[in-house]
Amino acid sequence: MPKVEVLAERCKSCGLCVAICPKKILDIGDKANGKGYYAVTVSEPDQCIGCSMCATMCPDLALEIWR
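Source: prediction; values computed, not measured.

**Q** Is there a simple way to think about the overall build of the protein chain in this case?
**A** Check the secondary structure of the protein chain and you find two helices and four strands. If you list the helices and strands of the protein chain from N to C, you get β-α-β-β-α-β. Relative to a compact globule of 67 residues, whose C-alpha radius of gyration would be 11 Å, the protein chain shows 11 Å and is just as compact. Here the C-alpha coordinates of the protein chain stretch approximately 30 × 20 × 20 Å along the principal axes.

**Q** It is not clear to me how the nonpolar core should be interpreted in this structure. Could you clarify?
**A** Nonpolar side chains in soluble globular proteins tend to be buried together. Among the nonpolar cores identified, the biggest contains 13 residues, and V4, C17, I25, L26, C54 and L63 are the most heavily contacted of them. Apart from the residues lying within four places of it in its own chain, the contact partners of L26 are V4, C17, V18, C21, V40, T41, V42, S43 and C54.

**Q** Looking at this structure, I do not really get the environment of P59. What am I missing?
**A** With respect to the helices and strands, P59 occurs in the loop between α2 (53–57) and β4 (63–66). Looking at P59, the relative accessible area reads 54%, which means it is exposed. Separated by 42 residues in the primary sequence, P59 and C17 place their C-alpha atoms 9.5 Å from one another. Those residues in contact with P59 that sit more than four places away from it in its chain are C14 and L16.

**Q** Would you explain unusual backbone geometry in this entry?
**A** Where the residue is not glycine, phi is negative for most of them; where a peptide bond is considered, it is trans in most cases. Of note in the backbone geometry, S13 takes a positive phi value of approximately 60° without being a glycine. Relative to the helices and strands, S13 resides in the loop between β1 (3–6) and α1 (16–20). Within the chain, K24 stands out as a residue other than glycine whose phi angle is a positive 55°. In this fold, K24 is placed in the loop between α1 and β2 (26–32).

Rules behind the numbers
- Residues take numbers from 1 onward in each chain, read along the sequence in its written order.
- Where totals are concerned, whole chains, interfaces and linings use all residues; where local detail is concerned, this predicted model gives features only for residues with pLDDT of at least 70, and gives and counts side-chain atom pairs only at 80 or more.
- With hydrogens and water stripped out, all remaining heavy atoms of the structure feed into the side-chain values.
- Labels follow the DSSP assignment, with helices taken as runs of H or I lasting at least four residues and strands as runs of E lasting at least two, numbered in each case from the N terminus.
- Only C-alpha atoms enter the radius of gyration, while the globule expectation follows 2.2 Å times N to the 0.38, with N the number of residues.
- As used here, the term nonpolar core means buried Ala, Val, Leu, Ile, Met, Phe, Trp, Tyr and Cys residues forming a set that is joined through side-chain atoms within 4.5 Å.
- Only protein chains enter the area calculation, which uses a 1.4 Å probe; residues under 20% of their type maximum are buried, those over 50% are exposed, and those in between are partly exposed.
- Any pair of residues with heavy atoms lying within 4.5 Å of one another is described as a contacting pair.

What follows is the structure, encoded as structure tokens:
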């Protein structure tokens, strides 16, 4: 089963991954990381299809996809 992992300390809340996710399972979170940005969270991890579009789009390499 595919899994998306967010590396919260790298995330800058740009929202590019949220916009590109075909399953719409990513959201901007409500907890700030050490840099003061609200890191992306995965709302429904079991719905991830492992397409890697979010990781490809992320300019900060803050997402990892496990298959």
